[in-house]
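Below are the chains, spelled out letter by letter.
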Amino acid sequence: MNLLLDTHTFLWWLAASKRLSIAARRAITEAALVHVSAVTAWEIAIKTALGKLEFSHDVEQQLTLNSFRPLPITIAHARDAGRLPFHHKDLFDRMLIAQARCESLTLVTVDTRIRAYDVPIMLA
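If you're wondering where the values come from, they're calculated on a predicted model, not measured in any experiment. (Residues numbered from 1 in each chain as written. Predicted model: local features only at pLDDT ≥ 70, side-chain atom pairs only at ≥ 80, totals over all residues. Heavy atoms only, no water.)

1. Focus on the sheet that holds strand β4 (residues 106-109)
One open sheet accounts for 5 strands, arranged β3-β2-β1-β4-β5; its pairing is parallel. The sheet terminates laterally at β3 (69-71) and β5 (121-123), the two strands that pair on one side only. Going across the sheet, the axis of each strand differs from the next one's by a mean of 35°, ignoring polarity. When β4 meets β5, the two strands line up parallel, connected through 3 bridges. Looking across to β5, one finds that Leu107 is bridged to Ile121. Where helix α3 (residues 38-49) meets the sheet, its contacts fall on β1 (2-5), β2 (33-37) and β3, and the angle it forms with β2 comes to roughly 45°. With respect to the sheet, helix α6 (residues 91-103) is in contact with β1, β2, β3 and β4, its orientation differing from that of β1 by roughly 170°. (Pairing = 2+ DSSP bridges. Helix = DSSP H or I, 4+ residues; strand = E, 2+ residues; numbered from the N terminus. Axes fitted to C-alpha atoms, helices over the stretch in contact; angles between N-to-C directions. Contact = heavy atoms within 4.5 Å.)

See the structure below:
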């Protein structure tokens, strides 16, 4: 299974947080490929700048250390995110949904609202 981590999942993985379920932790460990989107780095940077998040790591370095693959945002991802129905208004999550759909990835997330979309998810 190839995975895409949402921002919470990525942060919880880095912090070794008990908020991340045992099943999600096992799936991440055993996955063939684990992707982290550029939108996650963007969300972390924005929330850090606004004082809503304390994050002192280098995202790219953390991807390398954890053997995660960066997932850039493409024109196809942007087009598909814009075409999604508005079940969910969070723009970061909408991009993650589009990327998971376009790239045939399972999205690891805590957000149950994402179930409204035609995308495979694993609850974190």
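2. Notes on the nonpolar core
One recurring pattern in soluble globular proteins is that nonpolar side chains are buried together. The biggest cluster of nonpolar side chains holds 21 residues, and the ones touching the most others in it are Leu5, Phe10, Ile28 and Phe68. Elements with a minimum of two residues in this core: β1, α1 (7-15), α2 (22-30), β2 and α4 (59-65). With 4 residues, the single largest contributor to this core is α1. Residue contacts for Ile28: discarding those within four places in its chain leaves Leu3, Leu5, Thr9, Trp13, Leu20, Val34 and Phe68. (Core = buried A, V, L, I, M, F, W, Y, C linked by side-chain atoms within 4.5 Å. Buried < 20%, exposed > 50% of the residue type's maximum accessible area, 1.4 Å probe, protein only.)

3. Brief notes about the packing of α1 against α3
Contact geometry for α1 and α3: axes closest at 9 Å, N-to-C directions at 75°. When the axis of α1 is compared with that of α3, the two are roughly perpendicular. Contacts from Thr7, Phe10 and Leu11 in α1 reach Thr40, Glu43 and Ile44 in α3. Of the residues belonging to the contact of α1 with α3, the class tally is 3 nonpolar, 2 polar and 1 charged. (Parallel < 35°, antiparallel > 145°, perpendicular 65-115°, else oblique. Nonpolar A, V, L, I, M, F, W, Y, C, P; charged D, E, K, R; others polar.)

4. Focus on unusual backbone geometry
In most cases, non-glycine residues show a negative phi, while peptide bonds are predominantly trans. A positive phi angle, close to 60°, is found at Ser67, a residue other than glycine. Structurally, Ser67 can be placed in the loop between α4 and β3. Even without being glycine, Ser104 reaches a positive phi, approximately 55°. Secondary-structure assignment places Ser104 in the loop between α6 and β4.

5. Things to note about the pattern of salt bridges
Per the stated rule, a full pass over the model turns up 3 salt bridges. Asp111 is the partner of Arg113 in a salt bridge, and the nearest nitrogen-oxygen pair spans 3.0 Å. For Arg113, a relative accessible area of 48% puts it in the partly exposed group. (Salt bridge = Lys/Arg side-chain N within 4 Å of Asp/Glu carboxyl O.)

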